[in-house]
Every structure is written in structure tokens, then in C-alpha cells.
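What the coordinates show
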2 protein chains.
Amino acid sequence: MTKTNTKQRIANTTLELFNNQGVPNVSTNHIALELDISPGNLYYHFKSKDALIELLFSAYEQELTTLFENPFEPTSTIEDAWFFLHLGFEIATRYRFVYQDTEYILGKCRTLSPRFRRILHRYFDALLGLLITLSDQHVLQNCAESVLEELALNMLLVASQWISFKQHLSGEVAISPSESDLSQGIYQVLSLLSPYLDVKNQDHLRTLQQAYA
Amino acid sequence: MTKTNTKQRIANTTLELFNNQGVPNVSTNHIALELDISPGNLYYHFKSKDALIELLFSAYEQELTTLFENPFEPTSTIEDAWFFLHLGFEIATRYRFVYQDTEYILGKCRTLSPRFRRILHRYFDALLGLLITLSDQHVLQNCAESVLEELALNMLLVASQWISFKQHLSGEVAISPSESDLSQGIYQVLSLLSPYLDVKNQDHLRTLQQAYA
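Read on for an overview of the structure. Bear in mind that the values here come from a model prediction, so they are computed numbers and not experimental data.

Concerning the overall build of chain A
Counting secondary structure elements, chain A contains eleven helices and zero strands. Counting only C-alpha atoms and orienting by the principal axes, one finds that chain A spans roughly 60 × 30 × 30 Å. Across the 213 residues of chain A, 54% fall into the buried class. Contacts in chain A between residues at least 24 apart in sequence constitute 74% of all its contacts with a sequence separation of at least 6. With an accessible surface of roughly 9500 Å², chain A has 50% of that area assigned to carbon and sulfur atoms. A gap of 11 Å separates the mean positions of the 16 positive and 24 negative side-chain charges of chain A.

Regarding the packing of helix H5 (residues 78-94) of chain A against helix H11 (residues 199-212) of chain A
All names here are of chain A. Where H5 meets H11, the axes come as close as 10 Å, and the angle between the chain directions of the two elements is 40°. In terms of axis orientation, H5 runs oblique to H11. Judged by the sense of rotation from one axis to the other, the crossing of H5 with H11 is right-handed. Contacts between H5 and H11 involve Ile-78, Glu-79 and Trp-82 on the former and, on the latter, Asn-201, His-204, Leu-205, Leu-208, Gln-209 and Tyr-212. When the residues that make up the contact of H5 with H11 are grouped by side-chain class, the tally is five nonpolar, three polar and one charged.

Regarding the interface of chain B and chain A
Reports of interface size often rely on the accessible area that becomes lost once the parts have come together. Across the contact, 39 residues belong to chain B and 39 residues belong to chain A. Taken together, both faces of the contact between chain B and chain A bury some 3600 Å²; the carbon and sulfur share is 61%. Glu150(A) serves as the salt-bridge partner of Arg206(B), at 3.6 Å between the closest nitrogen and oxygen. Across the chain B-chain A interface, the total number found is 14 residue pairs in polar contact (both at pLDDT 80 or more). Of all the elements in the fold, those that place two or more residues in the side of chain B that touches chain A are helix H7 (102-108), helix H8 (112-136), helix H9 (145-170) and helix H10 (179-190) of chain B. With 16 residues, H9(B) is the single largest residue contributor to the side of chain B that touches chain A. Taken together, the residues of the side of chain B that touches chain A break down into 18 nonpolar, 16 polar and five charged.

Quick look at the relation of the copies chain B and chain A
One chain copy maps onto the other through a rotation about an axis and a shift parallel to that axis. Of the two same-sequence chains, chain B is brought onto chain A (RMSD 0.0 Å, axial shift 0.0 Å) by a rotation of 180°. Overall, the copies show the geometry of a two-fold rotation axis. Of all interface residues in chain B, 100% are interface residues in chain A too; the two copies therefore contact each other through one and the same surface.

Quick notes on the packing of helix H8 (residues 112-136) of chain A against helix H9 (residues 145-170) of chain A
Residue and element names in this part refer to chain A. Viewed as axis vectors pointing N to C, H8 and H9 meet at an angle of 130°, and their least axial separation amounts to 9 Å. With respect to H9, the axis of H8 lies oblique. Here H8 runs over H9; the crossing is right-handed. Facing Leu-120, Tyr-123, Phe-124, Leu-127, Leu-128, Leu-131, Ile-132 and Ser-135 of H8, the residues of H9 in contact are Leu-148, Glu-149, Leu-151, Ala-152, Leu-153, Met-155, Leu-156 and Ala-159. Along the lines of polarity and charge, the residues of the contact of H8 with H9 split into 14 nonpolar, one polar and one charged.

Description of the environment of Lys108(A)
Residue and element names in this part refer to chain A. Along the polypeptide, Lys-108 turns up in helix H7 (residues 102-108). For Lys-108, a relative accessible area of 32% gives the class partly exposed. Separated by 85 residues in sequence, Lys-108 and Leu-193 have C-alpha atoms that sit 37 Å apart. Within the structure, Lys-108 has its side chain in polar contact with the side chain of Asp-50 (distance 3.0 Å).

What counts as what
Residues numbered from 1 in each chain as written. Chains lettered and ligands numbered in written order. Predicted model: local features only at pLDDT ≥ 70, side-chain atom pairs only at ≥ 80, totals over all residues. Heavy atoms only, no water. Helix = DSSP H or I, 4+ residues; strand = E, 2+ residues; numbered from the N terminus. Buried < 20%, exposed > 50% of the residue type's maximum accessible area, 1.4 Å probe, protein only. Contact = heavy atoms within 4.5 Å. Areas by Shrake-Rupley, 256 points an atom, 1.4 Å probe, with all protein chains shown as cover. Lys, Arg positive; Asp, Glu negative; His and termini not counted. Charge placed at Lys NZ, Arg CZ, Asp CG, Glu CD. Axes fitted to C-alpha atoms, helices over the stretch in contact; angles between N-to-C directions. Parallel < 35°, antiparallel > 145°, perpendicular 65-115°, else oblique. Left-handed = near helix turned anticlockwise from the far one by under 90°. Nonpolar A, V, L, I, M, F, W, Y, C, P; charged D, E, K, R; others polar. Buried area = accessible area lost by both parts, 1.4 Å probe. Salt bridge = Lys/Arg side-chain N within 4 Å of Asp/Glu carboxyl O. Polar contact = N/O pair within 3.5 Å; in protein donor to acceptor, adjacent residues only side chain to side chain. Least-squares fit on C-alpha atoms with pLDDT ≥ 70 in both.

Printed below as a string of C-alpha cells:
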């Protein structure tokens with residue numbers, strides 16, 4: 001096995017353990033044991049648990065940045081909003097330790113705090129951009145700018161917390177969320193827009209929900 | 001100092017440390033040091049960190065249960081909704097470690113998972129009860145039952161996650177939220193209802209927001 005392979009294998013296994021067992025409960029010894037390698041071999045690739053957290057956080061940051069770099073077309077529809085949220089939910093699911101153990105990782109790795117803040121602000125900007133586009137096209141009706149901002153903030157909160165929230169609500173902790181959990185989350189975010197949509201777009205939203213459920 | 005006083009003093013200090021430094025970062029030695037008592041004295045009152053988590057979780061659970069036991073009058077208004085949310089936000093602020101380090105404490109104290117789940121469901125029921133009352137009085141307009149359920153779920157998510165979310169957004173971790181942070185949170189929850197209110201009640205909501213900001 002090459003060095004690169006080992007490093008990637010360590011990262012993959014760590015991500016899985018972080019997501020399923022919680023970051024505070026996973027030690028480097030624990031990771032080495034899971035991979036069946038010596039703690040020394042792990043240490044050769046990663047000097048500490050912090051280094052692993054930072055690597056995985058960077059991967060999450062990179063994927064979201066790519067998502068945010070594709071701005072919305074001026075002709076965006078409710079379906080484009082669904083698709084954007086879907087991609088965001090997929091990334092959040094893959095790196096769900098970030099949302100599950102936020103306080104712990106920000107307390108442990110101090111450099112992550114401003115980076116996490118920046119991600120939230122860029123996510124907010126992307127959502128607000130989407131709402132402005134939909135409002136310009138009159139898909140969203142009668143929305144003052146302050147209303148669009150309130151909406152974008154609530155969308156961000158629901159989108160970023162849905163997976164953890166759903167797990168607490170169903171009493172299942174640390175089980176990988178299903179496709180239908182994600183669809184429910186996307187729908188729940190889009191339901192915030194529902195009262196501002198005309199009947200045609202409200203119906204379209206319900207159809208999308210049924211198609212993905 | 002009496003035994004009861006010491007026990008209460010330990011609980012108070014632990015709550016403060018949990019809220020401000022994060023539960024995973026606070027050890028029993030850390031608590032003893034902060035109180036200037038010996039680890040043995042702490043151990044005499046609490047056999048483990050888990051025992052402290054469970055005591056504080058029970059106090060939080062008890063305060064919320066008392067809040068949920070007061071049902072809404074059939075004549076409830078937007079102002080009553082504001083007051084109910086205010087009391088809920090005060091409790092959430094006082095015990096914010098529960099929301100900040102949820103995964104960690106549920107992973108550590110396995111008996112808390114079904115209790116936390118029950119609290120979320122009772123909170124949801126209380127919010128849905130409020131929405132049904134407001135809908136019966138036509139304060140909320142044109143709301144199907146499914147819409148009230150979607151609304152209650154989003155209200156619960158925003159209400160339960162607001163404090164942590166606001167801290168991440170402003171990049172301030174572990175600083176006690178201000179009165180204006182709480183007011184903004186309550187307003188953010190009530191903004192979910194805004195599109196279903198008539199103009200008079202929308203104005204009333206804006207006035208409440210300004211009065212509390």
C-alpha cells in the first residue's frame with residue numbers, strides 16, 4: 001500500500017468514526033485499531049487528532065465552496081432551489097460531524113472558528129441570492145428585502161441543523177440519515193417559501209416533495 | 001457551609017463551566033479547582049461527571065415541563081406566543097450546554113437520549129397547540145393542518161438551535177447571549193408565522209420586535 005493510499009484510508013475511516021461515534025469519543029488509538037495499523041504508523045501521517053479534524057474540515061469547506069461558486073441563473077425556478085439544497089444536504093450529510101460536534105471542534109481547533117463563520121455567511125449569501133432571483137421573477141410574491149433576509153436566515157438554520165435535529169427527534173443518534181430524511185429536510189426548508197408562492201408554484205413544490213419522498 | 005449548600009454550589013459552578021467552556025472540555029478536577037475544593041470533596045457529592053450532567057439535565061427538563069403544563073387560553077394572541085417563546089428561550093439560555101453539546105452528552109449518558117426526544121416532542125406539541133389556537137381564532141389565516149405541522153417543526157428547530165447558531169454566525173463561541181440576541185431569536189421564530197397573519201397582526205408583531213430589541 002502506498003503512502004497516499006494509507007493517508008486517504010486513514011482520512012476515510014476517521015470521517016466515518018467521527019460521523020457515527022461523535023468526535024469527542026474517537027481517539028487516535030481508536031482510529032489505528034479500526035484500521036488495524038500501529039499508532040506509530042498513524043502518527044507518521046497525522047501528528048494529532050486536531051490534524052485529522054482540520055483535514056476533514058478543509059475537505060468539507062472545499063466542497064461547499066465549489067457549490068457556492070455556481071451562482072443562480074436569472075431564470076431560476078423552485079426546482080433549481082430544490083437541487084441547490086439537495087447538493088448542500090449531501091455535503092452536510094457526508095461531513096455531519098461538523099454540525100453534530102460544532103462546539104467541540106471549534107473549541108479544540110481555534111483556527112476553525114473564523115472559517116466556520118465564513119462558511120455560514122457564504123451559505124447565507126447564496127440563499128439570499130436565490131431568494132432575490134426568485135423574487136425578481138415574481139416566483140416569490142410581495143417580499144420586502146427584510147423579509148428575504150429573515151427567510152434566508154431561517155433557511156440556513158433549518159438546512160444546517162436538520163440532520164442532527166431529525167436524529168434527536170426520532171431518538172436515533174449516529175445512524176446515517178436515509179434519502180427520505182434528506183428529502184424531508186429539503187422540503188422543510190422550502191416550506192418556508194410556500195406562503196410566498198402562487199398556487200401553481202405551491203403545487204409544483206408538493207409534486208417535487210412527492211417525487212423525492 | 002452545609003452539605004446542601006456545597007452540592008448546590010457545585011451544581012451552579014458546573015452549569016456555568018459547561019455553558020461557557022463546553023461539556024467535553026470540563027473535567028471533575030477542573031470543577032473542583034474552580035470551586036477551590038478537593039477532588040475528594042467533589043466526589044463525596046457527585047460520583048462522576050455523568051452524575052453532574054444528569055442532575056443539570058433533570059433541572060432543565062423540570063423547568064421545561066413546568067412551562068409546557070400551562071396550556072394556551074382559547075383567546076391567545078401573538079403577544080402570548082411571544083411570551084411563551086420568551087420563557088422557552090430563557091430556559092434554553094440557562095441550560096445552553098444541552099443544545100451546544102447534545103451529541104456528546106447523549107453519547108455519554110445513554111438514559112438521556114429518550115428523555116431529550118420526549119422533551120422535543122412535548123415542545124412540538126405545545127407549539128402546535130399554540131398554532132391551532134391562533135388558527136381557530138383566525139389570527140393565522142388559511143392554514144391547513146399539514147401547514148401548521150410544518151410550521152411547528154420549523155419553529156421548534158429555530159427555537160432550539162437559535163442560541164448556538166447565532167454564536168457561530170457572529171464568531172463568538174461560549175459568550176452568554178444578550179437580551180437582544182434572545183429577542184432576535186424570538187422574532188426569528190415568529191417571522192415564520194408572519195405571512196399567515198393579517199396586516200393588523202403583522203404590524204403588532206413588528207411593534208413587539210421593536211419594543212424588545
